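Examining the three-dimensional arrangement
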Amino acid sequence: MGMRHNRHLLITLSLAGLLSAAPLHAANGPGQQAVASAHPLATAAGHTILDQGGNAFDAAVAVAATLAVVEPYSSGLGGGGFFLLRQPGNSDQPYRFIDARETAPLSANRDLYRDSDGIVQRDPAINGPLAAGIPGVPAALAHLAEHYGKLPLAKTLAPAIAAAENGFAISEHYRTLAGYRLEAMNRYPETDRLFLRDSQLPAVGTVIKQPELAATLRAMAAEGRDGFYKGRVGKQLIEGVRSAGGIWQQADLDDYKVIERSPIRFTANGFDVISAPLPSAGGIALAGILQGLDTLPKAAPGSVPWTHQLVELMRRTYRDRAALLGDNDFVEVPVQQLTSSDYAAKLAASIDPERATPSSELGPLIDFVEGNHTTHFSLIDAQGNAVAATLSVNLPFGAAFTVPGTGVLLNNEMDDFAADPDGVNAYGLAGSEANAIAPGKRPLSSMTPTMLENDQQLAILGTPGGSRIITMVLLGSLEAMRGEPVERWVSRPRFHHQYLPDHIQVEAAAFSAQQQSALEAMGHSIEPVGRDYGNMQAVSWQKADNQLSAASDPRGIGEARVSAAAVTKLYTQQGASIE
């Protein structure tokens, strides 16, 4: 998909422009609000809830639920995700991480997709209800509302319910992604009926209405978590999955719980980096790359030596991802070692400054794959509460199976496990025993919602993109650390290395001809992706001048918006209030 340079990437609003006095802001916050998401309706939903007196966590419920309606190809109530939270008023735990990753059904086992000859069958791991893990997004929305929000679900889910009932107009982006999955979508009558027209791709502008999904959201608004995992909806989910060949049971829904985890935290380049812990590989990989980069000779950003350093660090951290990482509630992972500055320095020290290291020299070759149709949003409220959330159903339109009567399109995140620990997944990522299927286990992920913070700045960012998520967040973070404007974080050309396959994947604008030749002379193999990738959403708060800005990736159809906080009181730094 092409870059849309005519879209407004950056929207900035400062209190200095609204008030003639010196900038006033709420204690610990910007006194303004910002939402950046992958769809204008979701961005509007977040601002609506903030304007109604909700906080960032209420807005996160509204944005996530609305994306579940208008981005069925990327996220949904039938999927999962991660929410990174910032609470400046909680000095003991200013950052929290909510793990709403899907879990393997209790009847699943490591040989779930092997046939009678012991051969792993790819199709049932990707298409249909056997590919679906137990969804986590509904539990996360209820958890946010109960423990962090100010408003009831009946209010925060209202924008999503309206979007489901009134419908949304599909875009060319929708058509492109549905085209990738058309054959699978045709297999399942409910998906075909809801998301296609006469079993073909709908025309741009076609309005998609989802009354069954609206009813499911209403059940959640009335009953919270139980409105999805129990009662009418829970019963329909179990019956629909099992009748189509799945293995869910009521105990799976009853047992599902979000897990609050401590995020990965480390210091690099003068910033406190806060990112995703396991079962995401993101925070561990960022720790290795950013801390390792700090130990290497300084090179000009964008230069061939700088690119070589980053690629070699990517190669080494993705090798660790393939070999060592999994759900650490089930397997032992040396997280403290892998995120230490000493370990990062050892990775960096193994880099030859003149030569690319063949991946085969780093140890046994292991391949892996991961779905890339995911979504992300970043937001902040006037008080400085903030959320970076990355949500997914894995491949476009997930498993392509919608449970009749519920409107819930299921994920195919079971493919993120190592169904064949010696093979690869749909994204070419290598697997390992640490990420083998087990009942109740969460598959390894690359989703990397991240915040960077120091006394001068707060950066909130993340993106979809499967195995490339980590390196996109890395490149965006480096732009933020250099003080570049937020639109640069989301729009810069991208490159990626994931250990295997052993080549640098690049967007067309990533390297000049001279840079490519120089990298190839060092032994790097360069493989054009053939399209732009990613859909980063970012927010920047420059604390010194209290300037808040937000940007939505020009590769997507999203929207970023900053506005004055619709609150009756703003607080000066001295604590006095003005009405």
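None of the values given here were measured: they were computed from a predicted structure.

**With respect to the packing of aromatic side chains**
Inspection of the entire model under this criterion finds 12 aromatic pairs. Here F228 and Y229 contribute two aromatic rings whose centre-to-centre distance is 4.9 Å and whose plane-to-plane angle is 70°, an arrangement assigned as edge-to-face. The class of F228 is buried, set by a relative accessible area of 0%. Members of the aromatic cluster, joined through ring pairs, are Y73, F168, Y174, F195 and F397. A cation over an aromatic ring shows up here: R468 above the ring of Y533, its NZ or CZ 4.7 Å from the ring centre. Taking NZ or CZ as reference, K543 lies 5.8 Å from the ring centre of W541, over its face.

**Points about the UniProt feature "active site" (unreviewed entry) in the chain**
The UniProt entry lists T374 under the feature "active site" (unreviewed entry), expressed in the numbering used here. Along the polypeptide, T374 turns up in strand β10 (residues 373–380). In this structure T374 touches S74, T390, L391, S392, N394, M447, P464 and G465, once residues within four positions along its chain are discounted.

**Remarks on empty space enclosed by the protein**
Here the structure, examined in full by the defined rule, presents four cavities of 30 Å³ or more. Its volume calculated, the largest cavity comes out at about 70 Å³. In terms of lining, the largest cavity is formed by A68, P72, S75, G76, L77, G78, F195, Q210, L213, G407, V408 and L409. Partitioned by chemical class, the residues of the lining of the largest cavity number seven nonpolar, five polar and no charged.

**A few points about helix α2 (residues 56–70)**
Between the first and last C-alpha of α2 there are 21 Å, a value that for 15 residues agrees with the 21 Å anticipated at 1.5 Å per step. Among the 15 residues that make up α2, 15 are buried, leaving the element largely enclosed by the rest of the structure.

**A short note on the packing of α2 against helix α6 (residues 158–166)**
When two helices pack together, their arrangement is given by the angle between the helix axes and by the axis-to-axis distance. Contact geometry for α2 and α6: axes closest at 8 Å, N-to-C directions at 10°. One finds that α2 runs roughly parallel with respect to α6. Counting all contacts with α2, which are made through A65, T66, V69 and V70, the residues of α6 involved are P159, A160, A163 and A164. The residue makeup of the contact of α2 with α6, split by class, is seven nonpolar, one polar and no charged.

**Let's talk about the sheet that holds strand β2 (residues 32–37)**
Pairing is antiparallel across the open sheet formed by seven strands, whose spatial order is β7-β4-β3-β11-β10-β2-β21. Single-partner strands in this sheet number two, and they are β7 (259–261) and β21 (559–564). Direction aside, the axes of adjacent strands within the sheet are offset by 15° on average. Relative to strand β11 (residues 386–394), strand β3 (residues 80–86) runs antiparallel, the two sharing seven bridges. The residue bridging L84 from the neighbouring strand is A388, located in β11. Running at roughly 155° to β10, α2 makes contact with β2, β3, β10 and β11 of the sheet. Across the face of the sheet, helix α4 (residues 137–147) comes into contact with β3, β4 (95–100) and β7 while running at roughly 25° to β3.

**Details of the sheet that holds strand β16 (residues 495–496)**
If you trace the three strands from one edge of the open sheet to the other, you get β16-β17-β18, paired in mixed fashion. Looking at strand neighbours, the two that pair on one side only are β16 and β18 (526–528), the edges of this open sheet.

**A word on the pattern of salt bridges**
Evaluated as defined, the whole model comprises 31 salt bridges. The shortest N-O distance in the salt bridge between D416 and R101 comes to 2.7 Å. With D416 in the loop between β13 (408–409) and β14 (450–453) and R101 in the loop between β4 and α3 (123–126), the pair connects residues that are 315 residues apart, well separated along the chain. Among the residues examined, D416 registers a relative accessible area of 6% and is labelled buried. One salt-bridge network, held together by shared partners, links D99, R261, D329 and R442.

**Some remarks on α4**
Most of α4 sits inside the fold, with nine of its 11 residues counted as buried. Among the residues of α4, those classed as buried are V137, P138, A139, A140, L141, A142, H143, L144 and A145.

**Looking at the nonpolar core**
In terms of nonpolar packing, the biggest core is built from 81 residues, with L290, L310, I380, M451 and F495 touching the most fellow members. Element by element, the count of residues in this core is highest for helix α18 (residues 469–481), at nine residues. Setting aside chain neighbours within four positions, we find I380 in contact with P30, Q32, Q33, A34, L50, N385, A386, L458, I460, V539, W541 and L548. Counting 77 residues, the second largest nonpolar core, distinct from the first, contains I134, L141, Y174 and V258.

About the criteria used
- Residues numbered from 1 in each chain as written.
- Predicted model: local features only at pLDDT ≥ 70, side-chain atom pairs only at ≥ 80, totals over all residues.
- Heavy atoms only, no water.
- Phe/Tyr/Trp six-rings, centres within 6.5 Å; stacked < 30°, edge-to-face > 60°.
- Buried < 20%, exposed > 50% of the residue type's maximum accessible area, 1.4 Å probe, protein only.
- Lys NZ or Arg CZ within 6 Å of the ring centre and 35° of its normal.
- UniProt positions renumbered as here; feature names shortened; annotations may be inferred.
- Helix = DSSP H or I, 4+ residues; strand = E, 2+ residues; numbered from the N terminus.
- Contact = heavy atoms within 4.5 Å.
- 1 Å grid on protein atoms, 1.4 Å probe; cavity = no way out; pocket = protein on both sides within 12 Å on 5 of 7 lines; lining within 4 Å.
- Points joined across faces, edges and corners; volume = space filled by probe spheres on them.
- Nonpolar A, V, L, I, M, F, W, Y, C, P; charged D, E, K, R; others polar.
- Expected span 1.5 Å × (residues − 1).
- Axes fitted to C-alpha atoms, helices over the stretch in contact; angles between N-to-C directions.
- Parallel < 35°, antiparallel > 145°, perpendicular 65-115°, else oblique.
- Pairing = 2+ DSSP bridges.
- Salt bridge = Lys/Arg side-chain N within 4 Å of Asp/Glu carboxyl O.
- Core = buried A, V, L, I, M, F, W, Y, C linked by side-chain atoms within 4.5 Å.

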